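# Structural overview
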Amino acid sequence: LCLMAAPGKVAAFRLPPLPTIGEIIRLFRLKALKQLSQNFLLDLRLTDKIVKQAGELKNAHVCEVGPGPGGITRSILSAGVEQLLLIEKDVRFIPGLQMLSEAAPGKVHIVHGDILTYKMEKAFPKHLKKSWEDEPPNIHIIGNLPFSVSTPLIIKWLENVSKRDGPFVYGRTQMTLTFQKEVGERLTANPGSKQRSRLSIMAQHLCTVENCFVIPGQAFVPKPEVDVAVVHFTPLVQPKIQQPFELVEKVVQSVFQFRRKYCFRGIETLFPENGRLKRTEQLMMTANVDPTLRPFQLSMSQFRNLCNAYRKMCDEDPSLFVFSYREELRQKKITRNLLESTGQPEQTEEENQL
């Protein structure tokens, strides 16, 4: 399966002649399922371009998420990887992937499973582990993700980065993934951008995030209604906010609860009604954040200050961290319904927004 090489030169790996991706789709009667938000990428020039964004893959260990009919899989194998782990939830794609596995003996391992529950900490050989401060290990995660999975999956992996578990027990494992163009813009949005969101802060405080290029929707089959962004992640040696993932997520989510209002309005939701105004003022003053800034205007250092100040308040009063604004609203509504005997009372503005 290797082409003859000139004396003294290492032979490059080449896949033998195989059916095209289109032929594989016809051969196994594969059809993209709308309920799984599946879209096939058939153009091997584009799959090569995605794989190139991952960096040098020669002799690397790669995990491809949701390979589907195997377009990106072929490009990964052609890059000369040592081992390729394929995790595919949809059993219909397994026979086509097995053809690729047979064409690259000993290189491909296929897992029929869900990436959201698969134990990535055991996916690669132990000898590949590097310390967090070292260069990233020779391990890469690549995937053309279904839109329905992409956001919950990247949040899960960002939590893994924060805790250095899952695929990051091996060190600062790099990821090259596809998202809806709008999600890609959120992941990389700077302060002041209207796309700045919870996702921007959660990703950028833990990783270097690069929006590599955009693939037009018409390149996919079936054509999605949106274009697709290819995004590359490299975990940072030191997170920009050195607090537990759950605390950072709670503060950032609260700030963006009311994204069109002043940021203090979201900060208020961190505190119970009794003493809410006083504690909000205390937090804003300690963090030195202007309460009249909009959430998308806040810099990473301002979010860091807010998280550090909130952590200090939680250390002084542990009941603060378990407080839930939504639960408080729910209890108030139940109480109001019990007190009101004449029909359903109108929802408050906060209930409507949430």
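Residues numbered from 1 in each chain as written. Predicted model: local features only at pLDDT ≥ 70, side-chain atom pairs only at ≥ 80, totals over all residues. Heavy atoms only, no water.

## Overview of the pairing of strand β3 (residues 83–88)
- With respect to burial, β3 is a largely interior element, five of its six residues being buried.
- In terms of strand pairing, strand β2 (residues 61–65) meets β3 through five bridges, oriented parallel. Along β3, the bridge assignment pairs V62 with L84.
- As for the winding sense of the linkage, the β-α-β connection from β2 through helix α3 (residues 71–78) to β3 is right-handed. (Buried < 20%, exposed > 50% of the residue type's maximum accessible area, 1.4 Å probe, protein only. Helix = DSSP H or I, 4+ residues; strand = E, 2+ residues; numbered from the N terminus. Pairing = 2+ DSSP bridges. Right-handed = clockwise from strand over helix to strand, strands pointing away.)

## What to know about the packing of aromatic side chains
- By the definition in use, this model includes five aromatic pairs.
- Look at F124 and Y170: their rings are 5.5 Å apart centre to centre, the planes differ by 85°, and that puts the pair in the edge-to-face class. Residue F124 is found in the loop between β4 (108–112) and β5 (139–143), and its partner Y170 is found in the loop between α5 (147–163) and β6 (174–180); the two are separated by 46 residues along the sequence. You'll find F124 and Y170 in the same group, each marked buried.
- With a centroid separation of 6.3 Å and 70° between ring planes, the pair formed by F271 and Y310 is classed as edge-to-face. One end of the pair, F271, is in the loop between α9 (263–267) and α10 (276–287); the other, Y310, is in helix α11 (residues 300–316), with 39 residues separating them in the sequence. Taken as a pair, F271 and Y310 share a single burial class, namely buried.
- The ring of F258 has R265 lying over it, and the distance from NZ or CZ to the ring centre is 4.6 Å. (Phe/Tyr/Trp six-rings, centres within 6.5 Å; stacked < 30°, edge-to-face > 60°. Lys NZ or Arg CZ within 6 Å of the ring centre and 35° of its normal.)

## Some thoughts on the UniProt feature "binding site: S-adenosyl-L-methionine" (unreviewed entry) in the chain
- According to UniProt, the positions carrying the feature "binding site: S-adenosyl-L-methionine" (unreviewed entry) are N39, L41, G66, E88, D114 and N144.
- Look past the residues within four positions of L41 in its chain and what remains in contact with it is L46, T47, I50, G71, I215, A219 and F220.
- Relative to the elements of secondary structure, D114 occurs in the loop between β4 and β5.
- Under the relative-accessibility criterion, D114 is labelled partly exposed at 23%. (UniProt positions renumbered as here; feature names shortened; annotations may be inferred. Contact = heavy atoms within 4.5 Å.)

## Examining the packing of α10 against α11
- Between α10 and α11, the least distance of the axes is 8 Å, while the angle of their chain directions is 130°. Judged on the interaxial angle alone, α11 and α10 are oblique. Helix-helix and strand crossings are classified by hand; for α10 and α11 the assignment is right-handed. Of the residues in α11, those touching α10 at R279, Q282, L283, M284, T286 and A287 are N305, L306, A309, Y310 and M313.
- When the residues that make up the contact of α10 with α11 are grouped by side-chain class, the tally is seven nonpolar, three polar and one charged. (Axes fitted to C-alpha atoms, helices over the stretch in contact; angles between N-to-C directions. Parallel < 35°, antiparallel > 145°, perpendicular 65-115°, else oblique. Left-handed = near helix turned anticlockwise from the far one by under 90°. Nonpolar A, V, L, I, M, F, W, Y, C, P; charged D, E, K, R; others polar.)

## Notes on the pattern of salt bridges
- For the structure on display, the rule yields 13 salt bridges.
- With a closest N to O distance of 3.3 Å, E249 and R198 form a salt bridge. You can see E249 sitting in helix α8 (residues 245–255) and its partner R198 sitting in helix α7 (residues 198–204), a full 51 residues away along the chain.
- Here R198 falls in the partly exposed class, since its relative accessible area comes to 26%.
- Between D315 and R311 there is a salt bridge; the shortest N-O distance is 3.2 Å. Of this pair, D315 and R311 both sit in helix α11, four residues apart, which is roughly one turn of that helix.
- Judged by its relative accessible area of 53%, D315 falls in the exposed class.
- Through salt bridges with shared partners, a single network forms among E159, K163 and E246. (Salt bridge = Lys/Arg side-chain N within 4 Å of Asp/Glu carboxyl O.)

## Considering unusual backbone geometry
- The phi angle at R164 is positive, at roughly 55°, despite the residue not being glycine.
- Relative to the assigned elements, R164 resides in the loop between α5 and β6.
- Assessed through its relative accessible area of 37%, R164 is described here as partly exposed.
- Of note, N288 is a non-glycine position whose phi angle comes to about 55°, a positive value.
- Mapped onto the elements, N288 comes out in the loop between α10 and α11.

## Description of the layout of surface pockets
- In this model, the second largest pocket occupies a volume close to 340 Å³.
- Considering the residues around the second largest pocket, the lining is formed by 15 residues, among which K250, Q253, S254, Q257 and R326 are closest to the centre.
- Going through the elements one at a time, α8, α12 (319–322) and α13 (325–339) are the ones with two or more residues in the lining of the second largest pocket.
- Of the residues belonging to the lining of the second largest pocket, the class tally is five nonpolar, six polar and four charged. (1 Å grid on protein atoms, 1.4 Å probe; cavity = no way out; pocket = protein on both sides within 12 Å on 5 of 7 lines; lining within 4 Å. Points joined across faces, edges and corners; volume = space filled by probe spheres on them.)

## Brief notes about the nonpolar core
- Within the largest apolar cluster, 64 residues are counted, with the highest numbers of intra-cluster contacts made by W157, L177, F179, L187, F233, L283 and L306.
- Residue assignment places this core across two domains, with domain 1 (36–235) and domain 2 (245–341) each supplying three or more.
- Ignoring any residue separated from it by four or fewer positions in sequence, one finds L187 in contact with F179, L199, S200, A203, Q204, V209, V231 and F233.
- Core analysis: the next-biggest nonpolar cluster, separate from the first, contains 31 residues, L41, I50, I72 and I142 among them. (Core = buried A, V, L, I, M, F, W, Y, C linked by side-chain atoms within 4.5 Å. Domains from an automatic or database assignment.)

## Some words on the packing of α8 against α11
- Contact geometry for α8 and α11: axes closest at 10 Å, N-to-C directions at 115°. Helix-helix and strand crossings are classified by hand; for α8 and α11 the assignment is right-handed. Residues L247, V248, K250, V251, V252 and V255 of α8 form the contact with α11, whose participating residues are F303, L306, C307, Y310 and R311.
- Class assignment for the residues of the contact of α8 with α11 results in nine nonpolar, no polar and two charged.

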